[in-house]
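A closer look at the structure
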Amino acid sequence: MHDLKWIREQPDTFDAAMARRGLAPQSPRLLELDRERRRLHQDLQEMQTRRNEASKEIGQQMKAGEQDAAGRAKQEVADLKRRMGEVEAREQQLQGELDDLLAGLPNALADDVPDGEDDGDNVLVRSWGTPHTPDPAKQHFELGEATGEMDFELAAKLSGSRFVVMKGEVARLHRALGQFMVDLQSNAHGYQEVNPPVLLRDDALYGTGQLPKFGDDLFRTTNGFWLSPTAEVPLTNLMADEIVAEGDLPIRYTALTLCFRAEAGAAGKDTRGMLRQHQFEKCEMVSIAHPDTSWDELERMVGCAEAVLQKLELPYRVVTLCSGDTGAAARKTYDLEVWLPGQGLYREISSCSNTGDYQARRMKARYRPAEGKGTRFVHTLNGSGIAVGRALIAVLENHQQPDGSVRIPEALRPYMGGRETILAGGTPA
RNA sequence: GGAGAGGUGGCCGAGCGGUCGAAGGCGCCGCCCUGCUAAGGCGGUGUGCCCUGAAUUGGGCACCGUGGGUUCGAAUCCCACCCUCUCCGCCA
């Protein structure tokens, strides 16, 4: 959601920002609606003022027994009310139109976001670790299916495509990864652990920007709940309609939750294996930040996500998403891409964004400045810290041994009952 | 799912047709008093929008769960919806 005052004051800047998103100039129509709406609003206010005055007069006249005067005043208010009804209906219509337009517009990109079409134009920031390709370099599903502990056919029986059944050591590894991540983000990085609902109401999805435009990507229950596509939604919406003290910022939350995505636009993409599932686990980080420090907070958050990959000994690189690849709610996004030797590619495993006040405006999340009056919108950030299913893939593929077994990285062993290796000799646990 | 109660300002809690943006208390902020502390005194303390302005200036409008309605006038009356709580049922 954009600030109408900003659009009024700097329509050219605003249109330039929308142009980077591939949109035609929006300000002429918005400002036309805004002008007309405000004109009607002023008329309405004047009529309301007069009505309030007249009603007071009527009260006094009735008390004083001046029936005639009271009758005349009542007539005046009756006329006024008829006109007010018309003006009010028109104003509401314009307001609705304006809200709909504004709600559908993407966030303005940060100045340092590179221009580009798609993920091919993303810009490398740094990389960590040395990608190596074991021989043989099996894909994760080959490793998992070899012992029967990762089973897609079994999952298809229950739920169709884009689901998996994990068993034994693979299931244990998956659980270990999730625990490890949420422990790291909460204990070491200061994010408060939260266990939120993942069945959500319309308002929550609207607040973070999935609605009204991207409902197709989501699952919905028959009684109107949305299945959370990421804990970003419940965690960020904890701040909806709240006003916090300036000194309370930043507020940092983390949660390990299931995520559900319809993957409507991904037909035929990544159909093999666990890379793209309708249901997956993710450790999410959300920061509620002061506007002055939200860019620093973004860098910090990326570091918190990177820490996971470093401790898991997984080579990765950090890229800045280009204009065409940056999500609608974000001002700027860093992706972490982990090396997957089975595919011989870097693949996204975390995405960290600063949305500025875009989501905060939608959900009315504010803080009270220590100095001065009024309230200001907070900035909200979200990042994966990190996707559990994809981390599982990365661990299997990067730490696979020639015999098909997989070495457990040091940091994970406490969560694996001390085990150093799994899938040894193709023997199920 | 059945029966009942209720949704008012940061919190508690009055108000039940006009003078209510809303008593009172708590909390918070400022000042005063008390040679410390506690107690006490005075004042202030919601949000959004519109007009105006150099301004944290002046003025106005709206908001007492949400949306409608009745009325000259609604926090107060009526209707619908949402939510919360209690008991019963079911259940991890």
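Under an unreviewed UniProt entry, chain A has the name Serine--tRNA ligase and belongs to Rhodovibrio sodomensis. The Function (unreviewed entry) comment attached to chain A in UniProt states, word for word, "Catalyzes the attachment of serine to tRNA(Ser). Is also able to aminoacylate tRNA(Sec) with serine, to form the misacylated tRNA L-seryl-tRNA(Sec), which will be further converted into selenocysteinyl-tRNA(Sec)."

**Observations concerning the pattern of salt bridges**
This model, assessed by the stated rule, comprises 26 salt bridges. Here E263 ties to R276 by a salt bridge, and the two come within 3.4 Å at their closest N and O atoms. Of the two residues, E263 sits in the loop between β8 (251-260) and β9 (279-289) while R276 sits in the loop between β8 and β9, which places them 13 residues apart along the sequence. The burial state of E263 is the same as that of R276; both residues are buried. Connected via shared salt-bridge partners are R8, D34, R37 and R38.

**Some remarks on the protein's contact with RNA strand B**
If you check the shell around RNA strand B, you find 20 residues, and the closest are R38, Q45, Q48, R368 and T375. A share of 74% is what sugar and phosphate atoms reach among the atoms of RNA strand B within 4 Å of the protein. At 2.6 Å, a side-chain N or O of Q48 approaches a sugar or linking oxygen of RNA strand B. One of the side-chain nitrogen or oxygen atoms of N52 is found 3.5 Å away from a phosphate oxygen of RNA strand B.

**Description of the environment of E420**
Here E420 is to be found in the loop between β16 (406-407) and β17 (421-422). For the pair E420 and E410, spaced 10 residues apart in sequence, the C-alpha separation works out to 7.7 Å. Not counting residues within four places of it along the chain, the set of residues in contact with E420 comprises V406, R407, I408 and R413.

**Notes on the packing of helix α3 (residues 27-64) against helix α4 (residues 67-103)**
Two elements in contact, α3 and α4, have axes separated by 8 Å at closest approach and are oriented at 155°. Overall, the two elements α3 and α4 adopt an arrangement that is roughly antiparallel. Note that α3 runs across α4; the crossing there is left-handed.

**Remarks on the pairing of strand β12 (residues 345-354)**
Of all 10 residues that make up β12, 8 are buried, and the element is covered over most of its length. Judged from the 9 bridges that link them, strand β11 (residues 332-340) and β12 form a sheet pairing that is antiparallel. Bridge assignment links E337 to a residue of β12, and that residue is E348. Pairing of β12 with strand β15 (residues 379-387), which is carried by 3 bridges, proceeds in the antiparallel orientation. Along β15, the bridge assignment pairs N354 with L381.

**Considering the sheet that holds β11**
Strands pair in a sheet through their backbones, by hydrogen bonds, and they do so in one of two ways: parallel or antiparallel. Spatially, 8 strands are ordered β1-β10-β11-β12-β15-β9-β8-β4 in an open sheet, and the strand pairing comes out mixed. On the outer flanks of this sheet lie β1 (123-128) and β4 (192-193), each paired with one strand and no other. Set on the sheet, helix α7 (residues 168-188) makes contact with β4, β8, β9 and β15; between it and β8 the angle comes to about 165°.

**Topic: the packing of aromatic side chains**
Inspection of the entire model under this criterion finds 4 aromatic pairs. Ring centres of W6 and F14 lie 5.6 Å apart, and the angle between their planes is 90°; on these two criteria the pair is classed as edge-to-face. Look at W6 and you get partly exposed, because its relative accessible area is 24%. The buried category is assigned to F14, whose relative accessible area is 0%. Its guanidinium or amino end placed over the ring of Y206, R362 lies 4.5 Å from that ring's centre, counting from NZ or CZ.

**Describing the domain arrangement of chain A**
Partitioning chain A into structural domains gives domain 1 (4-103) and domain 2 (119-422). Spacing between the C-alpha centres of domain 1 and domain 2 amounts to 44 Å.

**Re the sheet that holds strand β13 (residues 366-368)**
Strand order in this open sheet of 3 strands is β7-β13-β14, and the pairing throughout is mixed. Since the sheet does not close on itself, it has two edges, and those belong to β7 (243-245) and β14 (376-377), each with one partner. Bridge analysis of β7 against β13 gives 3 bridges, and the strand direction is parallel. Bridge pairing links A245 to R368 in β13.

Basis of the calculations
Residues numbered from 1 in each chain as written. Chains lettered and ligands numbered in written order. Predicted model: local features only at pLDDT ≥ 70, side-chain atom pairs only at ≥ 80, totals over all residues. Heavy atoms only, no water. UniProt positions renumbered as here; feature names shortened; annotations may be inferred. Salt bridge = Lys/Arg side-chain N within 4 Å of Asp/Glu carboxyl O. Helix = DSSP H or I, 4+ residues; strand = E, 2+ residues; numbered from the N terminus. Buried < 20%, exposed > 50% of the residue type's maximum accessible area, 1.4 Å probe, protein only. Near = heavy atom within 4 Å. Polar contact = N/O pair within 3.5 Å; in protein donor to acceptor, adjacent residues only side chain to side chain. Contact = heavy atoms within 4.5 Å. Axes fitted to C-alpha atoms, helices over the stretch in contact; angles between N-to-C directions. Parallel < 35°, antiparallel > 145°, perpendicular 65-115°, else oblique. Left-handed = near helix turned anticlockwise from the far one by under 90°. Pairing = 2+ DSSP bridges. Phe/Tyr/Trp six-rings, centres within 6.5 Å; stacked < 30°, edge-to-face > 60°. Lys NZ or Arg CZ within 6 Å of the ring centre and 35° of its normal. Domains from an automatic or database assignment.

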